[in-house]
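Each chain, letter by letter, is given below.
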Amino acid sequence: MEIKERIIDFIEKNRVSTTEVADALGKTGALKGVLPVKQNTHIAGSIKCVFTANNSNYALHEQIRDIKEDDVVIVFTHNCEERAILGDLVSKFILLYKGAKCLVVDGMIRDIGAIKREGFNVWSNGVSPIGCFNVEADAFPDNLRIEILRKYEGAIAVCDDGGVVIIENDLISETMLTRLERIEMQEDIWFFCLDTLKWDTKKIVCDKAYLHETNLLAAAHLSNLDELGKPLDKK
């Protein structure tokens, strides 16, 4: 199994949240302003980028033909003036008929009632009843498209109630997997210190007293202390 598949597998099996992934990325990686339509969903997968621009979704309709099963589809928009990029028809095609894991729209969506009733896994910046036009228009700016593809095409997206966090292509490595594992260790020991030892949050989070007051820790925690002593707030 390649490193990307191992990271996705670890995130899925341990249900690593967007919060934890962002922490592993040095408190970065969030796709700004994107929130879920459907609650209590956790998805991780490989990204397929789609682009549309200038108040038109014509290019989107062309590109979504190429979606593969289990893709995390992210639609990037430019100059769409708060118009909805897509609605329930496109969502159904992408998620049901093409078999994508989820759909993320860096822009607005519509037909929200139908999307909610269908239980589709959709994230977006918000909702508008006013849609884009399905006629050809000037393309998404080429320089921006190339940069987005470099960072995000085939990268890893994690999507849950907190939003969407992306592990960019140049960060997919053994080091990133180790950081995710350390975040999980840290969460375990923090909640042990809170729930069992009844420590206050300053003692846990800021002072990291568990690195020194080790006599109260479980054997499983002690074996991880060397890793937990390494800072995670920077890449």
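About the cut-offs
Residues numbered from 1 in each chain as written. Predicted model: local features only at pLDDT ≥ 70, side-chain atom pairs only at ≥ 80, totals over all residues. Heavy atoms only, no water. Phe/Tyr/Trp six-rings, centres within 6.5 Å; stacked < 30°, edge-to-face > 60°. Helix = DSSP H or I, 4+ residues; strand = E, 2+ residues; numbered from the N terminus. Buried < 20%, exposed > 50% of the residue type's maximum accessible area, 1.4 Å probe, protein only. Contact = heavy atoms within 4.5 Å. Polar contact = N/O pair within 3.5 Å; in protein donor to acceptor, adjacent residues only side chain to side chain. Lys, Arg positive; Asp, Glu negative; His and termini not counted. Salt bridge = Lys/Arg side-chain N within 4 Å of Asp/Glu carboxyl O.

Draft legend 1. Highlighting the packing of aromatic side chains. Under the defined criterion, the tally for this structure stands at three aromatic pairs. Measuring from ring centre to ring centre gives 5.7 Å for Phe-76 and Tyr-152, while their planes differ by 5 degrees; the resulting arrangement is stacked. Linking Phe-76 in strand S3 (residues 72-78) with Tyr-152 in helix H6 (residues 142-152), this pair joins segments that are 76 residues apart in sequence. Grouping aromatic residues by their ring pairs yields a cluster made of Phe-51, Phe-76, Phe-140 and Tyr-152.

Draft legend 2. Representation of the environment of Glu-12 within the structure. By the element assignment, Glu-12 lies in helix H1 (residues 3-14). By relative accessible area, Glu-12 is classed as partly exposed at 37%. When the C-alpha positions of Glu-12 and Leu-171 are compared, they lie 18 Å apart, and in sequence the two are 159 residues distant. Sequence-distant contacts of Glu-12, defined by excluding residues within four places in its chain, comprise His-42, Ala-44 and Lys-101. Reaching out from Glu-12, the side chain makes a polar contact with the side chain of Lys-101 at a distance of 2.8 Å.

Draft legend 3. Up close: the side chain of Lys-4. Structurally, Lys-4 can be placed in helix H1. Salt bridges are absent for the buried Lys-4, whose nearest opposite-charge side chain, Glu-5, sits at 4.7 Å. Within the structure, the side chain of Lys-4 is placed 2.8 Å from the backbone oxygen of Gly-154, a separation counted as a polar contact. Here Lys-4 is in contact with Ser-46, Gly-154, Ile-156 and Ile-172, once residues within four sequence places are set aside.

Draft legend 4. Layout of unusual backbone geometry. In the Ramachandran plot, Arg-15 falls in the positive-phi region, its phi being about 50 degrees despite a non-glycine side chain. Tracing the chain through its elements places Arg-15 in the loop between H1 and helix H2 (18-24). One non-glycine residue with positive phi stands out, namely Asp-70, at about 75 degrees. Relative to the helices and strands, Asp-70 resides in the loop between helix H3 (58-63) and S3.

Draft legend 5. View of the side chain of Ser-91. As for its placement among the helices and strands, Ser-91 is situated in helix H4 (residues 88-97). Contact partners of Ser-91, with chain neighbours within four places excluded, come to Leu-86, Leu-96, Leu-103, Ile-115, Phe-120 and Val-122.

Draft legend 6. Spotlight on the environment of Glu-136. Secondary-structure assignment places Glu-136 in the loop between strand S6 (122-127) and H6. Glu-136 gets classed as exposed once you look at its relative accessible area, which sits at 64%. Expressed as a C-alpha distance, the spacing of Glu-136 and Ile-146, which sit 10 residues apart in the sequence, is 20 Å. With residues up to four places along the chain from it excluded, the contact list for Glu-136 reads Ser-56 and Tyr-58.

Draft legend 7. The pattern of salt bridges, seen in detail. In total, this model carries nine salt bridges according to the counting rule given. One salt bridge connects Arg-150 with Glu-147, and the closest N-O pair in it is separated by 2.8 Å. With Arg-150 and Glu-147 both in helix H6, this residue pair falls three residues apart, about one helical turn. Residue Arg-150 is classed as partly exposed on the basis of its relative accessible area of 46%. The exposure class of Glu-147 is partly exposed, given its relative accessible area of 34%. Note that Lys-202 is salt-bridged to Asp-207, the shortest N-O span being 2.9 Å. Assessed through its relative accessible area of 40%, Asp-207 is described here as partly exposed.

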